[in-house]
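If you want the building blocks of each chain, they are given just below.
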Amino acid sequence: MEAILEKISKGVLEGDLDAVTESVKAALDEKVSAEAILKQGMMPAMAEVGQLFEDGEYFVPELLVAARAMQGGLEILKPLLADEDVEPVAKVVTGTVKGDLHDIGKNLVGMMMKGAGFEIIDLGADVTPEKFVETVKSTGAQIVAMSALLTTTMANMPATIKAFEDAGMRDSVKIMIGGAPVTDDFAKKIGADGYAPDASQAAKVALTFVS
Ligand code: B12
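So, a few notes on the structure that sits alongside this text. If you're wondering where the values come from, they're calculated on a predicted model, not measured in any experiment. (Residues numbered from 1 in each chain as written. Predicted model: local features only at pLDDT ≥ 70, side-chain atom pairs only at ≥ 80, totals over all residues. Heavy atoms only, no water.)

1. A look at the coordination of the cobalt atom of the ligand
- On the protein, H102 (NE2) is the one donor atom to the cobalt atom of the ligand, at 2.2 Å.
- In this fold, H102 is placed in the loop between β1 (91-96) and α5 (104-115). (Donors = N, O, S within 2.8 Å, 3.2 Å for Na, K, Ca; no water. Helix = DSSP H or I, 4+ residues; strand = E, 2+ residues; numbered from the N terminus.)

And the structure:
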């Protein structure tokens, strides 16, 4: 198991999409769980990519190919992390806030929530406050899950909450936030209803809103 997980890590680190998809498939054939592939193979590699970027050894092109390799692996794991047959417990609108293009963590949150029985309405990345509000209005979603990976775009989280207040909808929707720079303190400060540091805890927090 170690060797195949190492191959997956190396693939993400080198941005080698084919190596990642092939070794993820091989790991599943070896009966390695989707969770182990994600938590012990792909996520530590992505963290290392971030560190290399911070250290000035990687630049944006390396981030992009690593992200593409990570997304390729996630696509294969998707059906295993999200059980398609569950009756939806509530609708969740997911999106990365305005100005922010990071969507890997947000996608993972959506997959884990889907696995926990939620219906996901994904708005993608660079989502304006108005778009979040419009979508909740048109779909009747009960939960909004916002992601931000940049300290500069975190400010669009309170802006989105304000847009819900201005639309007179703040009391009819639960708003949860997350992303690497986001903290529980920040969530409390801006009046969000919930925060989670990772995707599996995000699904647990969402469940507390409906139980
Ligand atoms: C991949 C990546 C990119 C890719 C994104 C591709 C994509 N499709 O997502 C690309 C190349 C596009 C990119 C661009 C940039 N990036 Co970038 N990027 C990263 C990197 C390496 C990994 C992010 C990632 O996917 N992590 C893996 C996922 C699984 O983790 P995660 O997102 O944190 O999500 C988890 C939790 O946070 C949580 N979570 C996430 N969302 C939510 C939502 C809710 C509701 C909840 C409850 C939980 C939750 O659950 C997730 C799963 O467990 C990080 C480094 C890092 N260590 O984070 C830098 C990083 C975020 N990027 C950074 C920067 C500076 C940039 C650029 C400005 C670079 C540039 N000069 O152009 C641009 C900005 C573009 C833009 N406008 O958004 C900085 C941000 C610094 C800061 N403090 O603001 C970082 C931290 C790198 C660094 N160390 O300097 N980037």
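The structure having been displayed, the exposition proceeds.
2. Some points on the pairing of strand β2 (residues 119-122)
- As judged from the four bridges shared by β1 and β2, these two strands associate in the parallel manner. Bridging from a neighbouring strand, V93 pairs with I121 of β2.
- As a crossover connection, the stretch from β1 through α5 into β2 is right-handed. (Pairing = 2+ DSSP bridges. Right-handed = clockwise from strand over helix to strand, strands pointing away.)

3. Quick word on the sheet that holds β1
- Read from one edge to the other, the open sheet built from five strands follows the order β2-β1-β3-β4-β5, with strand pairing classed as parallel. A strand with exactly one partner marks an edge of an open sheet, and here the two such strands are β2 and β5 (194-195).
- Both strand β3 (residues 143-147) and strand β4 (residues 174-178) contribute to a ladder of five bridges, which runs parallel. Note that in β4 the partner of A145 across the bridge is M176.

4. Description of the site of the ligand
- Of all residues adjacent to the ligand, which total 35 residues, the nearest are E54, L101, H102, D103 and S147.
- Here a nitrogen atom of the ligand sits 2.7 Å away from a polar atom, N or O, in the side chain of D103.
- A distance of 3.4 Å separates a nitrogen atom of the ligand from a polar backbone atom of G179.
- Residue assignment for the shell around the ligand shows that the elements contributing at least two residues are α3 (34-54), α4 (60-81), α5, β3, β4 and α9 (199-210).
- Considered class by class, the residues forming the shell around the ligand number 22 nonpolar, nine polar and four charged. (Near = heavy atom within 4 Å. Polar contact = N/O pair within 3.5 Å; in protein donor to acceptor, adjacent residues only side chain to side chain. Nonpolar A, V, L, I, M, F, W, Y, C, P; charged D, E, K, R; others polar.)

5. Quick notes on the environment of A90
- Within the element layout of this structure, A90 appears in the loop between α4 and β1.
- Judged by relative accessible area, A90 falls into the buried class, the value being 5%.
- Discounting chain neighbours no more than four positions away, the residues touching A90 are F118, E119, Q142 and V210. (Buried < 20%, exposed > 50% of the residue type's maximum accessible area, 1.4 Å probe, protein only. Contact = heavy atoms within 4.5 Å.)

6. Overview of the side chain of T96
- Mapped onto the fold, T96 is located in strand β1.
- Residue T96 is classed as buried on the basis of its relative accessible area, which comes to 0%.
- Leave out the neighbours within four places in its chain, and T96 touches H102, D103, K106, G124, A125, D126, V127 and S147.

7. Some details on the environment of F118
- Relative to the helices and strands, F118 is located in the loop between α5 and β2.
- Judged by its relative accessible area of 3%, F118 falls in the buried class.
- Linking F118 and G15, residues 103 residues apart in sequence, is a C-alpha distance of 31 Å.

8. Description of the pattern of salt bridges
- Taken as a whole and assessed by the stated rule, the structure comprises seven salt bridges.
- For the salt bridge of K10 with E14, the shortest nitrogen-to-oxygen distance reads 3.7 Å.
- The salt bridge partner of K188 is D184, with a shortest N-O separation of 2.9 Å. Residue K188 and its partner D184 are both found in helix α8 (residues 184-189); the two are separated by four residues, about one turn of the helix. (Salt bridge = Lys/Arg side-chain N within 4 Å of Asp/Glu carboxyl O.)

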